[in-house]
Amino acid sequence: MAPGHGLGGGCAPAFRAISPLWLAFWALCAAFAVQPAVAEDGYDLWLRYRSLPAEQRAIYAPATAQLVMPASSPTLAAAKSELSRGLSGLLSQTPANVERVAAAGAVLVGTPQSNPQISQLELGLKGLSPQGYVIRQQRVGDHTSIVIAANDDVGVLYGVFHFLRLLQTHQPLQNLAISESSRIQLRMLNHWDNLDRTVERGYSGASLWDWHKLPDYLDPRYTDYARANASIGINATVLTNVNANALVLTPAYLHKAEALAKVFRPYGIRVFLTARFSAPVEIGGLKTADPADPAVQKWWRDKAAEIYKIIPDFGGLLVKANSEGQPGPQDYGRNHADGANMLADAVKPFGGTVIWRAFVYSHEQPDDRAKQAYDEFVPLDGKFRDNVLVQVKNGAIDFQPREPFHPLFGAMPKTPLAMEFQITKEYLGFATHLVYLGSFWEEVLRADTYRPRKGSTIAKILDGSVHNYARTAIAGVANIGSDRNWSGSQFDQANWYAFGRLAWNPTLSSKALAEEWVRMTFFNDPKFVERTVGMMMKSHEAVVDYMNPLGLHHVMGRGHHYGPAPWVEGGPRADWTAVYFHRADAKGIGFDRTKTGSNAVAQYAAPIAAEFGDLKRVPEQFLLWFHHVPWDYRTRSGRILWDELVYRYTRGVDTVREMSQTWQGVASQVDVERHAEVAAFLKIQENEAQWWRDASIAYFQTFSKRPLPAGFAPPEHSLDYYKSLDFPYAPGHH
Ligand code: BDP
C-alpha cells in the first residue's frame with residue numbers, strides 16, 4: 001500500500017513547521033474538501049494513511065515526534081514499520097523524520113521485555129488477555145508520552161493499529177486510557193479457496209493463493225493481507241475450501257502452505273487447512289477412512305507429525321464431514337464425535353485444534369432440514385475431546401439473508417461452539433449489492449438464547465462466559481480475492497472490517513464500526529460520515545425486503561444462487577428447492593415449524609419456542625420462517641399478508657434507490673474512481689432489486705390470486721420471462 005498522498009490534493013503535503021499562515025491555508029483546503037490528486041482504487045483498504053488535514057496534523061505531529069521502539073522480533077519490526085508508515089503518511093513526514101525529530105512528545109512502544117522504559121511503568125498489563133494491549137497518554141520522566149504496550153508482541157502490533165486508527169479517525173489523544181482484551185481466542189477467516197484458484201462462492205476474482213507459484217514466489221499481497229487482518233485482530237486463517245481436496249495435505253502443498261505461514265507469522269496469524277475425511281484413502285493408499293481403524297488413526301497421527309514438522313505453529317484442521325455429499329465418519333457407521341476425536345488425538349501432541357462443522361444435513365433424512373444439525377449434535381455434547389470446537393452457522397438453514405439464530409447455540413454446554421458467519425455475499429446479491437452485514441451480525445450476537453437463563457446472548461455463549469468454554473472462536477467465510485479492491489466492491493471491505501472487529505469484541509456496535517470504517521476508508525467529514533453510514537445501516541434491511549421479506553428463505557437461483565427463483569422444484573433433493581421452503585399454495589405461504597408442522601421451534605429454549613411458535617408473538621421478520629400464513633392474514637401494519645409482501649418488496653427497491661441518491665449526493669467528497677464504481681454497482685443493485693421484486697410478485701400471485709394493492713406497479717414482465725432467464729456462468733459456482 002503506497003504511503004500517503006494528500007487528501008487535499010493540490011494542497012502541498014510536505015512536512016513543514018506549523019505557522020499560522022499554513023494553518024489558514026490548510027483550513028481553506030479542508031473547507032473545500034478537495035478530492036485527492038491521486039486516484040484510489042480501493043487497494044489500500046482502511047489503511048490508507050493519507051495526509052490528515054492541517055488541524056489534525058498540528059495536534060498529532062508534536063505528540064508523536066519521537067518514536068521509542070526497539071524492534072527485536074519480526075512482529076515488533078512489523079509493528080514499527082506500520083507505525084512509521086502510518087505516521088509518515090498521516091503526518092506527511094518522511095519515515096526518517098519520524099524517528100529523528102526530537103520534540104516534546106514521544107511514543108513509547110513495546111512489551112516490558114522489549115522496551116526497558118515500558119518495564120518501568122505501571123500500565124495494568126497483568127489484566128490483559130493474550131494479544132491484548134493498552135494505549136495511554138501519561139507523564140514519562142519530563143515528557144507527556146503516548147505508551148502503546150502489551151505482554152506479547154502481537155498485542156503491541158494490535159495496539160499500533162489501534163493507535164493509527166485513532167489518528168485516522170481524528171480522535172483526541174488527551175488522557176488516552178485504552179485497555180483492550182479480546183473476548184474471543186480464535187478470530188478466523190475461512191477461505192473457500194480451491195487449489196485451482198477458483199473460489200467457491202467467491203465474487204472478488206481468483207484466490208489470493210497462487211498455489212502454482214508457491215512456495216518460491218511470494219506475492220507482496222500476502223503481506224498486505226496479513227497487515228489488514230492484523231489491523232482488525234484476525235489471528236487465524238483457513239486457507240482452503242471446506243469442500244476439501246486431500247491434495248493440500250501432500251508434502252508439495254504443505255510446503256506451499258508453509259511459505260504463506262511464514263509471511264503471516266509476524267502478523268500473529270496462524271494457518272489452518274481443511275481436512276478431507278477420506279484423505280487416508282485418496283492420498284494415503286489405505287482401503288478405508290474409518291476412524292475406528294488403527295491404520296487410519298496412525299495415518300492421521302503421522303500426517304499431523306509431518307505437518308507440524310513443516311509448520312510448527314500450524315493451527316489445526318477444519319472439517320466438513322457428512323454434509324452435502326462430503327465423506328465423513330457416518331460412512332463407516334461412526335458419529336461426528338468419533339471422527340473429530342480421531343483427528344483431535346492426532347494434532348493434540350502439537351497443540352493443534354480441530355474445528356468440526358455442524359453444517360450437516362442428510363439427503364436420506366426426510367425431516368425439516370432446519371432440525372438436522374441440532375438432532376445430530378446435541379446427543380454428542382460432552383463427547384468431544386477438549387481440543388475440538390464445533391463450528392455452527394449463524395442460522396439453522398444456510399446463511400440466508402436473515403435467519404433466526406441457530407438453536408444449537410446454548411444447547412451444547414459441554415462443547416465449545418464457534419460461530420460461522422458468511423462474509424462473502426452468496427445469498428445477498430454477490431459483490432455488486434451494497435449490503436453492510438455488521439448490523440445483521442449484531443442482531444445475531446445480541447439474540448438471547450435463554451439457555452440456561454435469560455441474558456445468555458449468543459455473544460456470551462461464544463465468549464465462553466455462559467458455559468465456561470475453555471476455547472472460543474468466531475469464523476467468517478472470507479470475501480477476499482485477487483480483485484484490486486480485494487472484496488469485489490468498495491463497500492464489501494466494510495464487511496471484512498466489521499467481521500474482524502466483532503470477532504475481537506462481539507459486543508461492539510455495528511454502527512460505530514461502520515463509522516470507523518467510513519472515516520478511514522473515505523473521509524472524516526461529519527456530514528459525509530452520517531450520510532454514508534446511514535446508507536449502510538439500512539442496507540441489510542433493504543436486501544431482506546426485496547429478496548426475502550417476512551422470513552421467506554432459500555428462494556434464489558438453483559446452484560449458483562443468483563437472482564430470484566421461487567419456482568425452483570424437482571431435481572435431486574427436495575431441500576435444495578425453493579418450493580420446499582416457501583410452501584406457497586392457494587391458502588397461504590410459509591413453512592410451518594410449529595407443533596402442527598415440523599416443530600423445529602421446540603429446539604429453542606421454552607420462552608423462545610413459545611414466542612416463535614405463536615403467530616401473534618413471532619417477530620414479523622420471521623413470520624413465514626415459522627408459520628404457514630393465510631394470504632388474507634392481518635399483519636401488524638393492518639395490511640393483509642399479500643399486500644404486506646408487495647409493500648415490503650417494493651420498499652426494498654425504494655430503499656436502494658434512496659441509497660443511490662445518497663451516494664450521488666456525496667460525489668464531491670469521494671475520489672472519482674471509487675465513487676464511480678460504487679455508483680455503477682448501486683445501479684446494478686437497483687435493477688436487480690426490481691427484478692427480485694417483480695419476479696417474486698409475479699410468481700406468488702399465481703397462488704394468492706389477488707390483485708396488487710392500489711398504487712403498486714405490476715411486474716414489468718411476465719412470469720414466463722423471469723423463469724426463462726438463465727445464468728450458466730454466474731460466478732462463484734464450481
Ligand atoms: C452453502 C454453499 C456451499 C457450501 C456450503 C457449506 O452454497 O457452496 O459448500 O454452504 O457451508 O451455503 O459447506
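The text that follows walks through the structure, step by step, so that each part is easy to find. (Residues numbered from 1 in each chain as written. Predicted model: local features only at pLDDT ≥ 70, side-chain atom pairs only at ≥ 80, totals over all residues. Heavy atoms only, no water.)

## Points about the side chain of arginine 648
Our working definition: Counting from the N terminus, the helices are the DSSP runs of H or I reaching at least four residues and the strands are the DSSP runs of E reaching at least two. Burial classes: relative accessible area under 20% of the type maximum marks a residue as buried, over 50% as exposed, and values in between as partly exposed (1.4 Å probe, protein chains only). When checking whether two residues touch, look at their non-hydrogen atoms; a contact exists if any pair is within 4.5 Å.
Relative to the assigned elements, arginine 648 resides in helix H22 (residues 641–665). By relative accessible area, which is 13% here, arginine 648 ends up buried. Sequence-distant contacts of arginine 648, that is, excluding residues within four places in its chain, are made with Asp545, Tyr546, Pro549, Leu550 and Glu620.

## Description of the packing of helix H17 (residues 526–537) against H22
Basically, it comes down to this: An axis is simply a line fitted to the C-alpha atoms; with a helix, the fit covers only the stretch in contact. Between two such axes, the angle follows the N-to-C directions and lies from 0 to 180 degrees. When describing relative orientation, an angle under 35 degrees is termed roughly parallel and one over 145 degrees roughly antiparallel, while 65 to 115 degrees is termed roughly perpendicular and anything else oblique. Take the far helix as the reference: if the near one is turned anticlockwise from it by less than a right angle, the crossing is left-handed, and if turned clockwise, right-handed. All amino acids are sorted into three groups, where Ala, Val, Leu, Ile, Met, Phe, Trp, Tyr, Cys and Pro are nonpolar, Asp, Glu, Lys and Arg are charged, and the leftover types, Gly among them, are polar.
It is the contact of H17 with H22, at a shortest axis distance of 10 Å, that shows an interaxial angle of 160°. The angle between H17 and H22 places the two elements in the roughly antiparallel class. Note that H17 runs across H22; the crossing there is left-handed. Residues Arg531, Thr532 and Met535 of H17 lie in contact with H22, whose contacting residues are Met659, Thr662, Trp663 and Gly665. Across the contact of H17 with H22, the residue classes break down as three nonpolar, three polar and one charged.

## Digging into the site of the ligand
Put simply, the rule reads: By convention in this text, a residue qualifies as near a molecule or strand provided that one of its non-hydrogen atoms is within 4 Å of it. Polar contact criterion, stated in full: a pair of N or O atoms within 3.5 Å, where within protein one must be able to donate a hydrogen and the other to accept it, and residues adjacent in sequence count only if both atoms are side-chain atoms. Surface accessibility in these figures is a Shrake-Rupley result with a 1.4 Å probe; residues are shielded only by whichever protein chains are displayed.
Near the ligand you find 14 residues, and of these Glu200, Lys320, Arg357, Lys393 and Glu426 are the closest. In this structure, an oxygen atom belonging to the ligand sits 2.6 Å away from a side-chain N or O atom of lysine 320. Out of a free accessible area of 310 Å², the ligand has 97% covered by protein chains.

## Looking at the sheet that holds strand E5 (residues 177–180)
What counts is decided by this rule: DSSP calls a pair of strands paired once it identifies at least 2 bridges connecting them.
The mixed open sheet is built from five strands, whose spatial order is E1-E2-E4-E3-E5. Each edge of the sheet is formed by a strand with only one pairing partner; in this case those strands are strand E1 (66–68) and E5. For this sheet the average axis-to-axis angle between neighbouring strands, irrespective of direction, equals 20°. Here E1 pairs with strand E2 (residues 106–110) via three bridges, running parallel. Across the sheet, glutamine 66 pairs through a bridge with alanine 106, a residue of E2.

## Some points on unusual backbone geometry
Note the cis peptide between leucine 214 and proline 215, where omega equals 0°. Here proline 215 is to be found in the loop between strand E6 (186–190) and helix H7 (221–231). The omega torsion of the bond from arginine 451 to proline 452 falls at 0°, within 30 degrees of zero and hence cis. Within the fold, proline 452 resides in the loop between helix H13 (438–445) and helix H14 (458–462). Phi at phenylalanine 430 takes a positive value of approximately 60°, unusual for a residue other than glycine. Following the sequence through the fold, phenylalanine 430 ends up in the loop between strand E12 (417–422) and H13. Backbone geometry places tryptophan 486, a non-glycine residue, at a positive phi of 70°.

Any functional reading would require information beyond the geometric quantities listed.
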